[in-house]
Amino acid sequence: MQRMACSFPDEVLEHVFSFVQCDNDRNAISTVCKSWYKIERWSRRRVFVGNCYAISPDMVIRRFPDVRSIELKGKPHFADFNLVPDGWGGYVAPWISAMAAAYPWLEEIRLKRMVITDENLELISKSFKNFKVLVLSSCEGFSTDGLAAIAANCRSYLHCRNLRELDLRESEVEDLSGHWLKHFPDDYTSLVSLNIACLGCEVSFSALERLVGRCPNLRTLRLNRAVPLDKLANLLRRAPQLVELGTGAYSSELRPDVFSNLSGAFSGCKELKSLSGFWDVVPGYLPAVYPICCRLTTLNLSYATIQSPDLIKLVGQCQNLQRLWVLDYIEDAGLDAVAASCKDLRELRVFPSDPYGPEPNVPLTEQGLVSISEGCSKLQSVLYFCRQMSNAALMTIARNRPNMTRFRLCIIEPGTPDYLTLQPLDVGFGAIVEHCKDLQRLSLSGLLTDLVFEYIGTYAKKLEMLSVAFAGESDLGLHHVLSGCEKLRKLEIRDCPFGDKALLANAAKLETMRSLWMSSCSVTFGACKLLGQKMPRLNVEVIDERGTPDSRPESCPIDKLYIYRTVAGSRFDMPGFVWTIDEDSAMRLS
Amino acid sequence: MELQLGLALPSNPSKGFDLNYFASEPKEIAVSNRSFTVASSCTDINDINDNNKKRSFDQTFENPTDSTVPRTLPLLLWNHHPNEEDDPKDLENHSLVTFNDKKDGDNGDGLVGWPPIRSRWKNKRLCHENNGAVGLENGFACGIRGSNSTYVKVKMEGVPIARKIDLSLHHSFQTLTETLMDMFGQWWLETGQKDSNQYKLAYQDREGDWLFTEDVSWRTFSRSVQRIKLLKSSR
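Cut-off values and rules
- Residues numbered from 1 in each chain as written.
- Chains lettered and ligands numbered in written order.
- Predicted model: local features only at pLDDT ≥ 70, side-chain atom pairs only at ≥ 80, totals over all residues.
- Heavy atoms only, no water.
- Helix = DSSP H or I, 4+ residues; strand = E, 2+ residues; numbered from the N terminus.
- Rg over C-alpha atoms; globule rule 2.2 N^0.38 Å.
- Buried < 20%, exposed > 50% of the residue type's maximum accessible area, 1.4 Å probe, protein only.
- Areas by Shrake-Rupley, 256 points an atom, 1.4 Å probe, with all protein chains shown as cover.
- Lys, Arg positive; Asp, Glu negative; His and termini not counted.
- Charge placed at Lys NZ, Arg CZ, Asp CG, Glu CD.
- Contact = heavy atoms within 4.5 Å.
- Salt bridge = Lys/Arg side-chain N within 4 Å of Asp/Glu carboxyl O.
- Patch = residues over 30% accessible without salt bridge, like charges linked within 9 Å, V, L, I, M, F, W, Y side chains within 5 Å.
- Phe/Tyr/Trp six-rings, centres within 6.5 Å; stacked < 30°, edge-to-face > 60°.
- Lys NZ or Arg CZ within 6 Å of the ring centre and 35° of its normal.
- Axes fitted to C-alpha atoms, helices over the stretch in contact; angles between N-to-C directions.
- Parallel < 35°, antiparallel > 145°, perpendicular 65-115°, else oblique.
- Left-handed = near helix turned anticlockwise from the far one by under 90°.
- Nonpolar A, V, L, I, M, F, W, Y, C, P; charged D, E, K, R; others polar.

Trainee: Tell me about the overall build of chain A, and name the residues and values.
Mentor: Helix and strand content of chain A: 21 helices and 24 strands. Relative to the 2.2 N^0.38 estimate, which gives 25 Å for 590 residues, the radius of gyration of chain A is 26 Å and therefore close to what a compact globule would have. Seen through its principal axes, chain A has C-alpha atoms that stretch 70 × 65 × 55 Å. When each of the 590 residues of chain A is scored for burial, the buried share is 64%. Carbon and sulfur atoms make up 52% of the accessible area of chain A, which amounts to about 20,000 Å² in all. With 67 positive and 70 negative side-chain charges, chain A shows a spacing of 8 Å between the two charge centroids.

Encoded structure:
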């Protein structure tokens, strides 16, 4: 055995390993023997850290000395809905400083839900000799000054640095000025992808035009709302090779010359496959995109407040559409049309146009989703906001689409029962998990008892992420999920009557998951302390803005709980409203 | 595509192997009222392989259901009747949260973070509605309820009349201050004080506390501001 292990020189093994890119597989390789572990760790180029507090930067660097691409995630998912107070954490600074020293050849940084400052951005722009890709997804803490630093240092003569991708998707950026774009040097031509859709301010349009014009490899351009429609044609003519485009505001006075200019520009983009943007749509300008509809695979109309007939005319021409994001203005009728025309549809997201109104404002019901499930045989991923649902519809959808992998249903009013029978929606969701054997992600809504969780625990064996709100009756529900869902990685719960018992009874399960979020449930501080003391590899964070939990009885429910596994111990950057309990049973404050 | 920390029992042995070392580990963990031994130090994962031997196939891909280790490690033994007083199937006794109680403290109108749509996304559409750039046909009202209104009252010290400002149109203190200057401009002309440095911007947050904007980030401010005041700077 020993001889065999040594008979391949390291270079050969490394070459073989280079064909294995999937992280799970590389992890498996590294456990074979010491020499494989060593070779693998030196040759691992890409690291994904799903929770930035699960491990410290130094540990990653020590294990993988030559990383070129890193992806980090910070805040829990519910931060998107304002459930995580400001200042909770997710600071990327320690990672950037550590990597600036250890990974001079780092090329790609991808962050999600993290806090990044202008100083961090400046450090990034100067530290990495071959920096290529910066993706900031749902991040915050920086301003356009930080972007200016990235732009100014995007190209380096000393090194081979040439920025390729700058993607700010859905980040919150303090808009100090649009001039940051001017900092891209005149001889910088290697931009491949630029996404500034989240920026509020006007960027310097002439700088943008020149930038677009001199970058022949530009394939993704997502503009912000401030870019007016009458400038779009010029941009498109400078970048006919674009594959993905996000328009700015799609409104202007209806003028034939502007229209024909725009239409011509779109026709010139033979590679265009993805469209988004469409703020403030004036329907009269929609036909400008008709010439390219047949090539579209992705269409994001989630900002387009246009009515069903216009939507139908547009989407009806997109026979190759795979991904559609749209407002509920599309109505059931529109979804019928989608089901008839878009036979290749893989992903559908329908967003609410009036989420806070008490009454339905559009005729969009469960029927639309049923039609899609009947007509689109490749449908795998659904996010659907509506106001009524029935068990019958869910069962139909489940039987129609057993290939579904992501099913997120949001019935807008919490606790809404089956509108036909007034029963809970347990059996409907039960059918989903029973038929869709490869379901990885599920979000529940409507009136639900513990029974739905029994179904989930029994059938959802491949489920990795579950979101629960206003559901269940007792700890039994939570127990079913924790004890039954073998592949569960992320569980997020709000406003459910789950308390201590299921949590404590399944404590070990928590170490097999990335994280658990529970807010407005019935977990007591006493249980949190117990968990924190007994489970050293979990960080049990109690988030409570009402002041120290010790000032209330131990049986008083805590506000928010975030539990995640970690090898890095308690973190040091907790704000005053986060409490954690160490195994030495002393309560730690920040 | 995860760096598995391998703190777990392998949940699906045929698919992949967690980074850590399992065969002996689970047996070290005791049940319920005994203390827990922390399995071999996780902090230095470079020392993962202490022995030089390769693992045997069986050892590596041991089916967890065959092992004697309980799949759940209770800190509390589950007795299947967690709520003795409740019949779990009896809906009337269920402890479903009464949703009306869980309202956002400051306006009592909506639940925080529900429906689960991103707030920035909401703000973008609200911006559109406030601008009125494109009228929605058929009179579809996009109701802007209390919890999502972006207008806040602004009062300037010494000025009897308060104004309202639409925060969703602003993304930084600079633009906000400029707009406020314009709004209250006529008062400055009258009082002869045009210098914006003479005034400090203060705001009341969700908890009712008054804070100076110079101490906080825009984001913190915009998320929690309820009211704004322009105070004469005493220095």
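Trainee: Kindly report on the overall build of chain B, identifying the contributing residues and their values.
Mentor: Secondary structure assignment for chain B yields four helices and five strands. Going from the N terminus to the C terminus, chain B shows its helices and strands as α-α-β-β-α-β-β-α-β. Classification of the 235 residues of chain B by burial places 38% in the buried group. Long-range pairs, those at least 24 residues apart, make up 48% of the contacts in chain B between residues at least 6 apart in sequence.

Trainee: Let's hear about the side chain of Glu40(A): which residues, and what values?
Mentor: Mapped onto the secondary structure, Glu40(A) falls in helix H4 (residues 34-43). When sequence neighbours within four positions are dropped, the list of residues in contact with Glu40(A) reads Phe17(A), Arg26(A), Ile29(A), Ser30(A), Arg63(A) and Phe64(A).

Trainee: Explain the pattern of salt bridges to me, using residue names and the numbers behind them.
Mentor: Residue and element names in this part refer to chain A. Summed over all chains, the structure comprises 36 salt bridges over all chains. A salt bridge links Lys-132 to Glu-107, with the nearest nitrogen and oxygen atoms 3.5 Å apart. Of this pair, Lys-132 sits in the loop between helix H7 (118-127) and strand E4 (133-137) while Glu-107 sits in the loop between helix H6 (93-102) and strand E3 (108-112), and the two are 25 residues apart along the sequence. This pair shows no difference in class: Lys-132 is buried, exactly as Glu-107 is. In this structure, the salt-bridge partner of Glu-541 is Arg-571, at a minimum N-O distance of 2.7 Å. Here the residue Glu-541 occupies a position in strand E21 (residues 538-543), and Arg-571 occupies one in the loop between strand E22 (560-565) and strand E23 (578-581), the gap between them amounting to 30 residues. A relative accessible area of 5% means that Arg-571 is categorised as buried. Taken together, the shared-partner salt bridges connect Asp-23, Arg-26, Glu-40, Arg-44 and Arg-63 into one network.

Trainee: Tell me about a nonpolar patch on the surface, and name the residues and values.
Mentor: Taken together, the side chains of Phe8(A), Val12(A) and Val16(A) make up a nonpolar region of the molecular surface, amounting to roughly 260 Å² of accessible area. Mapped onto the elements, Val16(A) comes out in helix H2 (residues 10-17).

Trainee: Outline the side chain of Ser125(A), listing residues and values.
Mentor: Among the secondary structure elements, Ser125(A) is positioned in helix H7. Those residues in contact with Ser125(A) that sit more than four places away from it in its chain are Ala149(A), Ile150(A), Asn153(A) and Arg161(A).

Trainee: Explain the packing of aromatic side chains to me, using residue names and the numbers behind them.
Mentor: The final tally for this structure, using the stated rule, is 23 aromatic pairs over all chains. Grouping aromatic residues by their ring pairs yields a cluster made of Tyr53(A), Phe78(A), Phe81(A), Trp88(A), Trp517(A), Tyr562(A) and Tyr564(A). Across the ring face of Trp88(A), the terminal group of Arg571(A) is positioned such that the distance to the ring centre comes to 4.4 Å. Directly above the ring of Phe212(B) sits Lys200(B), whose terminal nitrogen or CZ lies 4.4 Å from the centroid.

Trainee: A description of the packing of H2(A) against H4(A) should follow, citing residues and the corresponding values.
Mentor: To describe two helices that pack against each other, one gives the angle between their axes and the distance between the axes. Residues and elements named next belong to chain A. Where H2 contacts H4, the two axes come as close as 10 Å, and the packing angle between them is 60°. What the angle tells us is that H2 and H4 run oblique. Where H2 crosses over H4, the handedness of that crossing is right-handed. Along the contact surface, H2 presents Asp-10, Leu-13, Glu-14 and Phe-17, while H4 presents Trp-36, Lys-38, Ile-39, Glu-40 and Ser-43. Among the residues making up the contact of H2 with H4, the classes are represented as four nonpolar, one polar and four charged.

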